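Chains, contacts and geometry: an overview
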Amino acid sequence: MVFGRLRNAVMPQRHASRRPRTADGERIYVIGDVHGRYDLLTELLGRIEEHSHSLPAVRSQHVILLGDLVDRGDASARVIEHVYDIHRRTDNLIVLLGNHEELMLRAINGEPGMFRAWMRIGGDATLKSFGIEPPARGSDCEGYAEKTARAIPSKWLHWLGTRPLSARSGDYFFCHAGIRPGVPLKQQKRSDLLWIRDEFLGDRSNHGAVIVHGHSISAEVEKMGNRIGVDTGAYRTGILTALYLEGTEQQIFSTTVSDQRTEQAIMSEPQI
């Protein structure tokens, strides 16, 4: 796979009619929430590689994963291993932290109440992927944090715990969940970057950049002018989506749909 170096850039003031653009010479592919779907991730990375090879050479190329590698799908362990191995080979892949990774790490670190909370949002699937039978609903979770920490390579846990919360290129700002409207991008709180939903999704103001995010499932990519949401519910729909950005160009790639559910079914899922 071809990766290039992402260069931080200061976004200029944009006129309302000006199309957003990446920093000069940068080609970026942004992938939404994977949630344990190793099969879809490898398929999408293959499509990205084919697309990149079909284009003229560029000064730098970058792939950004928007977080939530784990939970809900059945192959979280394989996803972590695969992404970790790619990241070891290049410093040009950015993997952002998602709220599911944060809750997983807090649970494994033994923070009171976090293990049970993690199980409620799909952590049981992650345990199974590491060969651990999850605690029965309503049962005592004591000892599970240590058991899980022993099952997951410590280098993976350390790596997950050091993932950045955001990235930036030109007129685009990348994060997992979104931003707090009215707060400068450099002053955003960790909790909002990882967990915010309604206050961000419903706001139509100029955030100083186009926010590219996951976290909130939609039946298709949401392009709202001030934000682009790329979480298409891969773990249930079979649709993992990537957004290609280069200059002012935007293009969407999705995996082959084999188990797509209706829009109504997608949107009825609890979103955490």
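I will try to describe carefully the structure that is included in this document. Quick caveat: nothing in here was measured; it's all calculated off a predicted structure.

A few words now on the sheet that holds strand 6 (residues 210–213). Taking strand neighbours across the sheet as the criterion, the five strands line up as 4-5-6-8-7 in an open arrangement whose pairing is mixed. Bordering the open sheet on either side are strand 4 (166–169) and strand 7 (222–223), each of which pairs with just one other strand. Inspection of the sheet shows strand 5 (residues 172–175) paired to strand 6 by three bridges, in the parallel sense. If you follow Phe173 over to strand 6, its bridge partner there is Ile211.

A few words now on the side chain of Asp231. Here Asp231 lies in the loop between strand 8 (227–229) and helix 9 (234–237). This buried residue, Asp231, is left without a salt bridge; Arg72 holds the nearest opposite charge, at 6.3 Å. Residues contacting Asp231, with those up to four places away along its chain left out, are Asp33, His213, Gly214, His215, Ser216, Ile217 and Ser218.

The subject of this paragraph is the packing of helix 3 (residues 99–108) against helix 6 (residues 154–161). Contact geometry of helix 3 with helix 6 gives a least axis separation of 10 Å together with a crossing angle of 130 degrees. Our classification of the angle between helix 3 and helix 6 gives oblique. In the crossing of helix 3 with helix 6, the sense of the turn from one axis to the other is left-handed. Along the contact surface, helix 3 presents Glu101, Met104, Leu105 and Ile108, while helix 6 presents Leu157, Leu160 and Gly161. In the contact of helix 3 with helix 6, the residues fall into five nonpolar, one polar and one charged.

In this section: empty space enclosed by the protein. Summed over all chains, the structure comprises two cavities of 30 Å³ or more. Surrounding the second largest cavity, Asp33, His35, Asp68, Arg72, His100, His215, Ile217, Asp231 and Ile272 form its lining.

All right, on to the pairing of strand 2 (residues 60–65) then. Every other side chain in a regular strand lies on the same face of the sheet, so the side chains alternate between the two faces. Within strand 2, six of the six residues are buried, leaving the element largely enclosed by the surrounding structure. Here strand 2 shows two buried faces, one formed by Ser60, His62 and Ile64 and the other by Gln61, Val63 and Leu65. For strand 1 (residues 26–31) and strand 2, the ladder comprises six bridges, and the chain directions are parallel. Bridged to Arg27 within strand 2 is Gln61. Regarding the hand of the β-α-β motif, the stretch spanning strand 1, helix 1 (residues 38–53) and strand 2 is right-handed. Handedness of the strand 2-helix 2 (residues 76–89)-strand 3 (residues 93–95) crossover: right-handed.

The rules behind these values
Residues numbered from 1 in each chain as written. Predicted model: local features only at pLDDT ≥ 70, side-chain atom pairs only at ≥ 80, totals over all residues. Heavy atoms only, no water. Pairing = 2+ DSSP bridges. Helix = DSSP H or I, 4+ residues; strand = E, 2+ residues; numbered from the N terminus. Buried < 20%, exposed > 50% of the residue type's maximum accessible area, 1.4 Å probe, protein only. Lys, Arg positive; Asp, Glu negative; His and termini not counted. Salt bridge = Lys/Arg side-chain N within 4 Å of Asp/Glu carboxyl O. Contact = heavy atoms within 4.5 Å. Axes fitted to C-alpha atoms, helices over the stretch in contact; angles between N-to-C directions. Parallel < 35°, antiparallel > 145°, perpendicular 65-115°, else oblique. Left-handed = near helix turned anticlockwise from the far one by under 90°. Nonpolar A, V, L, I, M, F, W, Y, C, P; charged D, E, K, R; others polar. 1 Å grid on protein atoms, 1.4 Å probe; cavity = no way out; pocket = protein on both sides within 12 Å on 5 of 7 lines; lining within 4 Å. Points joined across faces, edges and corners; volume = space filled by probe spheres on them. Right-handed = clockwise from strand over helix to strand, strands pointing away.

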